[in-house]
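# Examination of the molecular architecture
Chain residues, written in single-letter form:
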Amino acid sequence: MDYINKALEGYSGGGCGCWGGGRGDGVGVTSEVEVGEEGVEGRVVVDEEDDMVSTGLEEVQNEGTIEYRVAEQWRRCNQRKMHSYGYRANALLTFALTILAVMCAMASLSDNLNSPSPTAHVQVTHINWFQKQPNGHDEVSVTMNISADLQSLFTWNTKQVFVFLAAEYETHQNSVNQISLWDGIIPSKDHAKFWIHTSNKYRFIDQGNNLRGKEFNLTMHWHVMPKTGKMFADKIVMPGYRLPEEYR
Amino acid sequence: MGWIGESVDSIKSLQIRQVLTQAVSLGMIVTSALIIWKALMCITGSESPVVVVLSGSMEPGFKRGDILFLHMSKDPIRAGEIVVFNVDGREIPIVHRVIKVHERQDTGEVDVLTKGDNNYGDDRLLYAHGQLWLQRHHIMGRAVGFLPYVGWVTIIMTEKPIIKYILIGALGLLVITSKD
């Protein structure tokens, strides 16, 4: 098929080998078309007049066996055109997505280089009330001073840090009790060093009535949410808090 | 106008071998996607290893259209983890954070309470009527990784099915008409 391709290219005056309809530079050209591929040898002599340049297709279609070839060529040309656009767009998209994925992965991995050293300090200033609910569960309300410095958690891939303070204790019934007392979202490094005075945001209720005189830990947990990639979490355990012996 | 006829001709003139090759390559694409999905299921131990965030209840951490990667290990569930759970009588799983955990001494069963970071109250209103705690079997996995925006593709496709059909049609046509 290469023969015909070249011949046609010469005939239509270059381009992509497609037939640009109505180019005038083919006037009087005598082109020789040899179709060797499938054993059909045709000799096409095109004597052109000015007015015959219009498509170039019709005149060759008269030539019997060549007709199919030309149609084929036409189709391939069209296809190659489409193919080349689609193909390029596809290649570009694939490349862009690959780069994006690699960059996301690298951003996520770069978080591993950060070794944070956050600090936290919590003081229970007051037991607001402490009672047994009608259903037999102990509930307590406390007021706390929470201060923390979480600035070192922030890297360039950090979207936010979710921080919460949980009371953790063990009872004869439950091996693990974790009750979130306060939480907050830190949107940026500027807000990562804070001090607040608050009573518990969520209810501090035991499953049972085991809270009198109960020793518990206050644990500062944080979850680092990245802009993309893996999430990190860690905590600081602060032991040595004790609830009163009597309801009040 | 001519291009429709040309396309029809091109489809007509396809040779059986090319058709077969295309069928095989199409099959390869579909099956490899399936293989990746199933492999992820095996690795993560979660029945749906990748989920799309549909609501804004975890903003600003997770927005609508973000993708979460789930992992389901034998590790016990602890406060602060972001879990995906199914509630009886609700079809769509929910992604929220654990705020309370009570783990039984003798049986090791857990009672878990969750809350969306952006919600005012805890999730007891979302649970089945009268349900106070989530148990282990409600939880499908915990979120370990995060990819922004990508989930919009599926959200758009579910909400505007016409786009899905157009896309599938276009891709199918591309596969059929493209050679070599």
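Quick caveat, the model's predicted, so the values are computed rather than measured.

## Quick notes on the interface of chain A and chain B
- Between chain A and chain B, the contact holds 37 residues from the first and 34 residues from the second.
- Approximately 3000 Å² of surface area, both sides summed, lies buried where chain A meets chain B, with 52% of it carried by carbon and sulfur atoms.
- Here chain A and chain B share zero salt bridges between them.
- Here chain A and chain B share 19 residue pairs in polar contact (both at pLDDT 80 or more) between them.
- For the side of chain A that touches chain B, the secondary-structure elements that each account for two or more residues are α3 (65-110), β3 (158-169), β4 (174-186), β7 (215-226) and β8 (229-230) of chain A.
- Looking at which element gives the most residues to the side of chain A that touches chain B, the answer is β4 of chain A, with eight residues.
- Classifying every residue of the side of chain A that touches chain B gives 14 nonpolar, 17 polar and six charged.
- Relative to strand β6 (residues 139-147) of chain B, β8 of chain A runs antiparallel, the two sharing two bridges. By the bridge assignment for β6 of chain B, Gly229 of chain A is matched with Phe146 of chain B.

## Comments concerning the nonpolar core
- Counting residues in hydrophobic clusters, the biggest one holds 33 residues, and the most contacted among them are Leu150, Leu165, Phe204 and Met220 of chain A.
- Of all elements in the fold, only β1 (119-132), β2 (138-149), β3, β4, β7 and β9 (232-242) of chain A reach the threshold of two or more residues within this core.
- Apart from the residues lying within four places of it in its own chain, the contact partners of Leu165 of chain A are Val122, Met144, Ile146, Ile179, Ser180, Leu181, Trp182, Leu218, Thr219, Met220 and Met238 of chain A.
- Grouped together as the second largest cluster of nonpolar side chains are 21 residues, Val83, Val112, Leu113 and Ile139 of chain B included.

## Thoughts on a nonpolar patch on the surface
All names here are of chain B.
- Together, Tyr149, Trp152, Ile156, Ile162, Ile163 and Ile166 make up a nonpolar patch on the protein surface, roughly 620 Å² of accessible area in all.
- The greatest single-element share of the nonpolar patch, amounting to three residues, is contributed by helix α4 (residues 161-177).
- With respect to the element layout, Trp152 can be found in helix α3 (residues 152-159).

## Points about the UniProt feature "transmembrane region" (unreviewed entry) in chain A
- In the UniProt entry, the feature "transmembrane region" (unreviewed entry) is given for residues 89-109 of chain A.
- Secondary structure across residues 89-109 of chain A comprises 100% helix and 0% strand; the distance between its end C-alpha atoms is 30 Å.

Analysis parameters
Residues numbered from 1 in each chain as written. Chains lettered and ligands numbered in written order. Predicted model: local features only at pLDDT ≥ 70, side-chain atom pairs only at ≥ 80, totals over all residues. Heavy atoms only, no water. Contact = heavy atoms within 4.5 Å. Buried area = accessible area lost by both parts, 1.4 Å probe. Salt bridge = Lys/Arg side-chain N within 4 Å of Asp/Glu carboxyl O. Polar contact = N/O pair within 3.5 Å; in protein donor to acceptor, adjacent residues only side chain to side chain. Helix = DSSP H or I, 4+ residues; strand = E, 2+ residues; numbered from the N terminus. Nonpolar A, V, L, I, M, F, W, Y, C, P; charged D, E, K, R; others polar. Pairing = 2+ DSSP bridges. Core = buried A, V, L, I, M, F, W, Y, C linked by side-chain atoms within 4.5 Å. Buried < 20%, exposed > 50% of the residue type's maximum accessible area, 1.4 Å probe, protein only. Patch = residues over 30% accessible without salt bridge, like charges linked within 9 Å, V, L, I, M, F, W, Y side chains within 5 Å. Areas by Shrake-Rupley, 256 points an atom, 1.4 Å probe, with all protein chains shown as cover. UniProt positions renumbered as here; feature names shortened; annotations may be inferred.

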